[in-house]
Amino acid sequence: MLDRLKEIITNLCQKWEVELLEFQGASDHVHLLLDMHPNIMPSKFINSLKTVTSRLMRKEFAEHLAEFYWKPVLWTRAYCLLTTGGATIDTIRQYIEKQERPD
């Protein structure tokens, strides 16, 4: 499922002209390292990403997800958006790469 989720997010990033630098998923969240132009509103992009991925993942993995999700949504409304500030891209990338991926 994480492989398919990454594929969907990669395609969406291409449509928005956003570069997906790093992706890592856990059982209850994902980490994305994105490079986006300043004219893109992050909140609109994240809203689109969550809408599209929820719709497609629930459609493609309906049977598996039915035992965990009984509402017609995959994500909560919340998200955490951080800018890199003083950290280098390599530091952020290493952090994301070290996140444990569920089996």
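Our subject is the structure that appears above.
Note that the coordinates shown come from a computational prediction; the quantities given were computed from them, not determined experimentally.

Caption draft 1: Geometry of the packing of helix 1 (residues 2-16) against helix 2 (residues 42-60). With their axes 10 Å apart at the nearest point, helix 1 and helix 2 run at an angle of 140° to one another. The angle between the axes of helix 1 and helix 2 places the two elements in the oblique class. Our pair here, helix 1 against helix 2, has a crossing hand that is right-handed. Note on element contacts: helix 2 touches helix 1 through Lys-44, Phe-45, Ser-48, Leu-49, Val-52, Thr-53, Leu-56, Met-57 and Glu-60, opposite Arg-4, Leu-5, Ile-8, Ile-9, Leu-12, Cys-13 and Trp-16. Residues belonging to the contact of helix 1 with helix 2 are distributed by class as follows: 11 nonpolar, two polar and three charged.

Caption draft 2: How the structure looks around the environment of Glu-97. Looking at where Glu-97 falls in the secondary structure, it is placed in helix 4 (residues 89-97). Residue classification places Glu-97 among the partly exposed positions, given a relative accessible area of 43%. Separated by 92 residues in sequence, Glu-97 and Leu-5 have C-alpha atoms that sit 16 Å apart. Glu-97 has contacts with Glu-22 and Gln-24, leaving out every residue within four places of it along the chain.

Caption draft 3: Spotlight on the pattern of salt bridges. For the coordinates displayed, the defined rule picks out two salt bridges. Residue Glu-7 pairs with Arg-4 through a salt bridge whose shortest N-O separation is 2.8 Å. Taken together, the residues Glu-7 and Arg-4, both in helix 1 and three residues apart, mark about one turn of the helix. Where Glu-60 meets Arg-4, a salt bridge forms, and the shortest distance between an N and an O atom there is 2.6 Å. Separated by 56 residues along the polypeptide, Glu-60 in helix 2 and Arg-4 in helix 1 bring together distant segments of the chain. In this structure Glu-60 comes out as partly exposed when scored by relative accessible area, which is 38%. What makes Arg-4 partly exposed here is its relative accessible area of 22%. Three or more residues joined by partner-sharing salt bridges are found here, namely Arg-4, Glu-7 and Glu-60.

About the criteria used
- Residues numbered from 1 in each chain as written.
- Predicted model: local features only at pLDDT ≥ 70, side-chain atom pairs only at ≥ 80, totals over all residues.
- Heavy atoms only, no water.
- Axes fitted to C-alpha atoms, helices over the stretch in contact; angles between N-to-C directions.
- Helix = DSSP H or I, 4+ residues; strand = E, 2+ residues; numbered from the N terminus.
- Parallel < 35°, antiparallel > 145°, perpendicular 65-115°, else oblique.
- Left-handed = near helix turned anticlockwise from the far one by under 90°.
- Contact = heavy atoms within 4.5 Å.
- Nonpolar A, V, L, I, M, F, W, Y, C, P; charged D, E, K, R; others polar.
- Buried < 20%, exposed > 50% of the residue type's maximum accessible area, 1.4 Å probe, protein only.
- Salt bridge = Lys/Arg side-chain N within 4 Å of Asp/Glu carboxyl O.

The values are spatial; any link to function lies outside them.
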